[in-house]
Amino acid sequence: MVSITRYFDPRTAEELRIRHGIVRKSAILRSLDYKRQYHDWKKAAGHLEVMQAFQKSFEGSFFTETACQWRTEQQMSRLTYELTGSAHTSATLFLLDLLKERCTGLGLTVAKAESWKVLDPEQGVEVHQRYLFQPKSSWLKRFLMSRFIKGDLLVIEAIYIEQIRTRLEIRLYPHPTKPVFGSVLALMSALVKPQA
């Protein structure tokens, strides 16, 4: 018999959400060419421009309709950032990896890095790449006690159909009593701070 609590567990809900329609699921692997382009992009200060556009869109969402939308529910805060136009796939993936670096600088660690494809019958193959973050703890404690450790779960996911549409989603499942970040608003204020 299936326990009813599995439907209220954020980790299980994340897994149930992606099971339908998956073409193939694997770890996120970056090619040497991608890593070189990402390094060149950061060296040319391209990350500052993309991060400023992301921050501006987020801040504008408080007052008007922008490409960035957020909402807070009982167990989750969600932020969706839609990039319009056809040439934003690489910018979205670069932003995904930049946010990964910033999250690790905030005391979070990557628990999983996954990629999968879903077939959209009308528009083609939709690619999902996501990082799941948890607060840092020793690897032995995580290995032995991961089922019993309750803590924040942060998901940053890039979703795109090549040359058609791209979006970035940030989903935060805060710890009910001792959250590191109480909402996606607190997380964003830490993420968009200028880095040294």
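Before reading on, note that the structure itself is shown above.
Cut-offs applied
Residues numbered from 1 in each chain as written. Predicted model: local features only at pLDDT ≥ 70, side-chain atom pairs only at ≥ 80, totals over all residues. Heavy atoms only, no water. Buried < 20%, exposed > 50% of the residue type's maximum accessible area, 1.4 Å probe, protein only. Helix = DSSP H or I, 4+ residues; strand = E, 2+ residues; numbered from the N terminus. Arc of directions from axis to C-beta. Pairing = 2+ DSSP bridges. Salt bridge = Lys/Arg side-chain N within 4 Å of Asp/Glu carboxyl O. Phe/Tyr/Trp six-rings, centres within 6.5 Å; stacked < 30°, edge-to-face > 60°. Lys NZ or Arg CZ within 6 Å of the ring centre and 35° of its normal. Core = buried A, V, L, I, M, F, W, Y, C linked by side-chain atoms within 4.5 Å. Contact = heavy atoms within 4.5 Å.

Draft legend 1. Representation of helix H6 (residues 184-191) within the structure. Of the residues making up H6, those classed as buried are Val184, Leu187, Met188, Ala190 and Leu191. The buried residues of H6 occupy one face: seen down the axis, they fall within an arc of 160 degrees.

Draft legend 2. Structural context of the pairing of strand S4 (residues 108-120). Sheet topology note: the S4/strand S5 (residues 124-135) ladder contains twelve bridges and is antiparallel. Bridge pairing links Leu108 to Pro135 in S5. Count of turn residues in the S4/S5 antiparallel hairpin: three residues.

Draft legend 3. Just the pattern of salt bridges, in detail. Within the structure shown, the criterion is met by eleven salt bridges. One salt bridge in this structure joins Arg171 and Glu157, with 2.7 Å as the shortest N-O distance. Here Glu157 lies in strand S6 (residues 153-161) and Arg171 lies in strand S7 (residues 165-173), a separation of 14 residues in the sequence. Using a relative accessible area of 1% as the deciding quantity, one classes Arg171 as buried. Bridged by salt links that share partners, the residues Arg78, Glu157, Arg167, Glu169 and Arg171 form one connected network.

Draft legend 4. Spatial organisation of the packing of aromatic side chains. Across all of its chains, the model carries seven aromatic pairs by this definition. For the ring pair Tyr131 and Phe133, a centre distance of 6.3 Å and an interplane angle of 50 degrees mean the geometry is tilted. Here Tyr131 matches Phe133 in class, with each residue buried. Every member of this aromatic cluster is reached through a ring pair, and the members are Tyr34, Tyr38, Trp41 and Phe94. The ring of Tyr34 carries Arg30 above its face, with NZ or CZ at 4.7 Å from the centroid.

Draft legend 5. Representation of the nonpolar core in the model. Judged by nonpolar contacts, the single largest core of 37 residues is most densely connected at Phe54 and Ile170. Of all the secondary-structure elements, those providing two or more residues to this core are helix H2 (32-43), helix H3 (46-60), strand S3 (77-83), helix H4 (89-105), S5, S6, S7 and H6. Considering each element in turn, this core owes the most residues, seven residues, to H4. Core analysis: the second largest hydrophobic core is formed by five residues, Met76, Leu153, Val155 and Tyr173 among them.

Draft legend 6. Looking closely at the side chain of Gln129. Relative to the helices and strands, Gln129 is located in strand S5. Ignoring sequence-local partners within four residues, the contact set of Gln129 consists of Ile28, Arg30, Leu93, Leu96, Glu114, Ser115, Ile156, Glu157, Ala158 and Tyr160.

Draft legend 7. Inspection of the pairing of strand S2 (residues 68-72) at higher detail. In terms of strand pairing, S2 meets S3 through five bridges, oriented antiparallel. Across the sheet, the residue bridging to Gln69 is Thr80, located in S3. Taken together, S2 and the strand that follows it, S3, pair antiparallel across an intervening segment of four residues.

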